[in-house]
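Chain by chain, the residues run as shown.
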Amino acid sequence: MKEIGKIISFGKAHPSASFPIQAESNTDVPFHIRRTYWTYDIPEGAARGGHAHKECLEVIIAASGSFTVTLDDGNRKQSYLLNRPDQGLLVNTGIWRTLENFSAGSVCLVLASELYEEADYIYDYDEFLKHAQIGGVTESNHTCIVWTRTQLREDYLTLLAQEELYTPETSTGQRLGN
């Protein structure tokens, strides 16, 4: 069974554990980072997320503390405990996400492939399920193409072209999956 999300690891800017972690567009993160945002001071028992994106890819990181991210592709759900600032959860388009169980003092950092656009969000779960059934991500067509730091961007674009998700003339090649 395929994973709905993918945990990715970030490189350290310096071998010492006390130095910052780095995340670079198209190297550590499989898209160009166009927006970064974070949430903090989340009240005990509160949940965040509760939506899906039509076009925006995200990497969700527990910059401090821990929390659980539950992903839903319309057919099944999968939960991930995020508690390391050197790892993030890659969330594909068409995936419903809910964040909960925030520890005291936690900070949720998000790297996004797109600028904020209200029309990209699906907030209604029934609408999300319809989207998933008519061309969104389903268990049978869910693809999430990720490359490691040692692979070249050309390899990534070749894979996207094979999936008919990228052409140099019409796309930035940032969208993953259908």
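Each value, and the rule that gives it
Residues numbered from 1 in each chain as written. Predicted model: local features only at pLDDT ≥ 70, side-chain atom pairs only at ≥ 80, totals over all residues. Heavy atoms only, no water. Buried < 20%, exposed > 50% of the residue type's maximum accessible area, 1.4 Å probe, protein only. Helix = DSSP H or I, 4+ residues; strand = E, 2+ residues; numbered from the N terminus. Pairing = 2+ DSSP bridges. Core = buried A, V, L, I, M, F, W, Y, C linked by side-chain atoms within 4.5 Å. Contact = heavy atoms within 4.5 Å.

**Q** How would you summarise the pairing of strand β6 (residues 58–64) if you had to cite specific residues and measurements?
**A** The buried count for β6 comes to five of seven residues, which makes it a mostly enclosed element. Sheet topology note: the β6/strand β9 (residues 87–91) ladder contains three bridges and is antiparallel. Its bridge partner lying in β9, V59 is registered against L90. The pairing of β6 with strand β11 (residues 107–112) spans six bridges and is classified as antiparallel. Residue pairing in the sheet places I60 in a bridge with V110 of β11.

**Q** Can you break down the nonpolar core residue by residue, with the values?
**A** Buried together is how nonpolar side chains tend to be arranged in soluble globular proteins. Membership of the largest hydrophobic core comes to 17 residues, with the highest contact counts inside it found for I60, F67, V69 and L71. Looking at this core, the element that brings in the most residues is strand β7 (residues 67–72), giving three residues. Dropping the residues within four chain positions of it, F67 is found in contact with I60, I61, A62, Y80, L81, L82, L99, E100, N101, F102, V107 and C108. If you look at the next biggest cluster of nonpolar residues, it comprises 10 residues, including I8, F10, I33 and L57.

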